[in-house]
Amino acid sequence: MAFVWNPLKFFRRISPELARKRRLEAMLERIVADPAADPVSIWVTLVNTVRPSRAHRADDAIAALSELPQILADSPGSQPALRAALLRLFIDHKQTSLYVTSGLLPSTGFFSETARRISHRLLPDVVDPAYLKDLLTVIFCRKDDEIWVEAVPDEVWLNFFRTLLDDGENAPPHGGEVLPIALSEILEALRILSYHVSAIGLNPELVRVDPQLEEVESPFLAQNTEVVAYLKAYRTWWGNPEAPLEDESHLGVMLDQCGEVLQRVRRRSSRLGTSLTLTFTLERLRQHLDRIHELLGLLRELHQTRAIASLLPQAVTLFKQTIRAECRKNRLSDYWSTNVRLLSLRMTESASRRGEKYITTTRREYFGMIYSAALGGFVIAFMAAFKIMLGSLHLAPLTEALCFCLNYGIGFALIHVLGGTVATKQPAMTANAIAASIGETRGKTRDLEELSTVVVRTLRSQFAAIVGNLGLSVPMAILLSFAFLHFTGTSFIDTEKASHLLTDAHPLSGAPFFAAVAGVCLFLSGLIAAYYDNLTAYNRIPERLAQLRWPRRLFGEVLSQRFTTYVENNLGALAGNFFFGFMLGGATALGALLGLPLDIRHIAFSAAYTGYAIAAYDFTMPIALLGVTFAGILLIGLVNLLVSFTLALSVAMRSRGITFAQRYTLSVLVLRHLFKHPLDFFFPPRSAEAPTPIPGDNAAPPDNDGSEPCA
């Protein structure tokens, strides 16, 4: 086919590029025509010209910024005028607050900061033209500007700023020069940040966790002395390059010691208990130390080259961080998500350590899990019987709901006291242990093989717990029915009630949705257990119990000590089980109050109810009905496990800042293990008698506290 050139089609294709270029040229012509114009308005015009029509269409901004250097070169006088406007921004406006507060968590409390953000969303901030921080919100006025600013590659920004700042001189004069205002502002910001670090380091919460801060000289105070001396020497060196500059290595040692104390407090707080205030304080401290290192990096580079161009790579990174922080400074969702992440990290750390005991490795542990779950099934059969009896009393709605809650709550707590296990309680704990393992391995491919083994062990342990629960709850329910019939002469339940119980477990009766509700309750109970574990350690409840005199006089020293130790190790689990019972028992009542069809389905209770129904039908149930019922029970269990496990794993990984890119590879490894060794998912092999350590097992919590993402 012969090629036919269509000039109209060609013009349509190149017209956007031509239009963009003409807009840039016209903008530069206006700047050259009025060199005395307000620099803020000049940069507002420039950003408006470069800004894409939609923030996610960053290609337009990349193309515009890529063309600007050449357009500046072709337009006489435009580069000096634009450069002068940029320098006037830094000369005429205060910059210290930009470095000291932008992107850093505030010192105010949670509710105060929440109220401030809400009020500033309703009524815009008053822009103070004296501060560069405020003017950034005028130049980058759209709330989504941070999207395209971050999407533009660093190389494009570097090329633009290099062209803009090139004045034909590689470095300023080497002597008798007045300290530039921009540099003076950076030095002042470093001094203020150093004082902030000293104040945060003296927080009583840190001293409580790490008493060594009172016994030896605090590095948080020592770093301030070093920073002040370094800044004074730097000012002297700038005016006289021959003067020696204060050795930065000692300052680096002090800052490193501050970082070590930060990590030590994090590790100890996971054992001694922490609070949201402490976790928030540690996050602020980390942010301030990071900002000090960034600004010191700028000074270090300037000391070596004494040229502004050498600072641009680090300055571009700081520029992007600042724009993002200013665009998001009043977003309530960002502030809440940060606090939720810190809170969830505080609770999931405890859950991850507790979850390791639910992952069996050896055959002895495996059969121990089955025995423990069988004990749980034994108690659940009685709990199901009490639930049926309470329902037959037709009590007042509130009284009935309270009785259901107490039945579940006391029953689950009793299972824990007796050493039993509820199968569906495992996922919320094991998910946190797996998340801790992923955080420890950092997703390295060479460690995925061990991690897949951990997943296989977890699934096998879940299977053992389900077998134990169902293996005893069903026959125990049948046995209790016959015992009731023997001693009273009447059936425990009639066939009408039995039919209702079987309908509740039918796969098409809404059971999967109600099982998902129970899965959410399971997930919440895991967080509650972790919260009370932390609360026990933080408030030093065992030590305070040990100081009581009347238990020692009443029960003796040995029993009192055993009780204190038991509370220390089990208060969180007891609270989680008790509140889990209240959530299960109150779900139906809550649905009735709200007018919603809300209910719960739990695999162990559904199995026990099926046992009572089988006895009521005197084993004359059709095989098809029995098969459908057990299929519904298995579906309920699957939904229970999946919902609670998925929620717990997502929260644990989110709290640690983990983005596990190798999840597909891990899934392939698990499936490959399934095809090669399918029995490993149901029964531990003999080789498991010499287990390999779980990645992350017995390891300290991640040093980054979840603040840095792991690939």
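Residues numbered from 1 in each chain as written. Predicted model: local features only at pLDDT ≥ 70, side-chain atom pairs only at ≥ 80, totals over all residues. Heavy atoms only, no water.

What follows is about the overall build of the protein chain. Counting its regular elements, the protein chain contains 29 helices and zero strands. Across the 711 residues of the protein chain, 48% fall into the buried class. Within the protein chain, counting contacts between residues at least 6 apart in sequence, those at least 24 apart form 86% of the total. Accessible surface, the protein chain: about 35,000 Å² in total, of which carbon and sulfur atoms supply 63%. (Helix = DSSP H or I, 4+ residues; strand = E, 2+ residues; numbered from the N terminus. Buried < 20%, exposed > 50% of the residue type's maximum accessible area, 1.4 Å probe, protein only. Contact = heavy atoms within 4.5 Å. Areas by Shrake-Rupley, 256 points an atom, 1.4 Å probe, with all protein chains shown as cover.)

Okay, the packing of aromatic side chains next. Within the structure shown, the criterion is met by 28 aromatic pairs. Arranged with centres 5.9 Å apart and planes meeting at 80°, the rings of Phe-412 and Phe-605 form a pair that is edge-to-face. Note that Phe-412 is positioned in helix H19 (residues 397-418) and Phe-605 in helix H27 (residues 603-616), a separation of 193 residues in sequence. What makes Phe-412 buried here is its relative accessible area of 0%. Ring centres of Tyr-531 and Tyr-532 lie 5.5 Å apart, and the angle between their planes is 90°; this geometry places the pair in the edge-to-face category. (Phe/Tyr/Trp six-rings, centres within 6.5 Å; stacked < 30°, edge-to-face > 60°.)

Right, let's get into the environment of Gly-273. Mapping Gly-273 onto the fold places it in the loop between helix H14 (248-272) and helix H15 (276-305). Contacts of Gly-273, omitting those with residues within four sequence positions, involve Arg-208, Arg-268, Asn-534, Ala-537 and Tyr-538.

Our next topic: the side chain of Gln-79. Counting through the fold element by element, Gln-79 comes out in helix H4 (residues 78-92). Side-chain polar atoms of Gln-79 contact the backbone oxygen of Thr-163, separated by 3.0 Å. Not counting the four nearest positions on each side in its chain, Gln-79 is found in contact with Leu-72, Thr-163, Leu-164, Leu-165 and Asp-166. (Polar contact = N/O pair within 3.5 Å; in protein donor to acceptor, adjacent residues only side chain to side chain.)

With that out of the way, let us pick up the packing of helix H10 (residues 181-201) against H15. H15 packs onto H10 with a crossing angle of 150° between their chain directions and a minimal axis gap of 10 Å. When the axes of H10 and H15 are compared, the pair comes out roughly antiparallel. Considering how the two elements wind past one another, H10 and H15 form a crossing that is left-handed. Across the interface between the two elements, Leu-183, Ile-186, Leu-187, Ala-189, Leu-190, Leu-193, Ser-194, His-196, Val-197 and Ile-200 of H10 pack against Thr-281, Arg-284, Leu-285, His-288, Leu-289, Arg-291, Ile-292, Leu-295, Leu-296, Leu-298, Leu-299 and Leu-302 of H15. Residue classes in the contact of H10 with H15 are distributed as 16 nonpolar, four polar and two charged. (Axes fitted to C-alpha atoms, helices over the stretch in contact; angles between N-to-C directions. Parallel < 35°, antiparallel > 145°, perpendicular 65-115°, else oblique. Left-handed = near helix turned anticlockwise from the far one by under 90°. Nonpolar A, V, L, I, M, F, W, Y, C, P; charged D, E, K, R; others polar.)

What follows covers the side chain of Asn-224. As for its position among the elements, Asn-224 is in helix H13 (residues 219-239). Contact partners of Asn-224, with chain neighbours within four places excluded, come to Arg-191, Ser-194, Tyr-195 and Ser-198.

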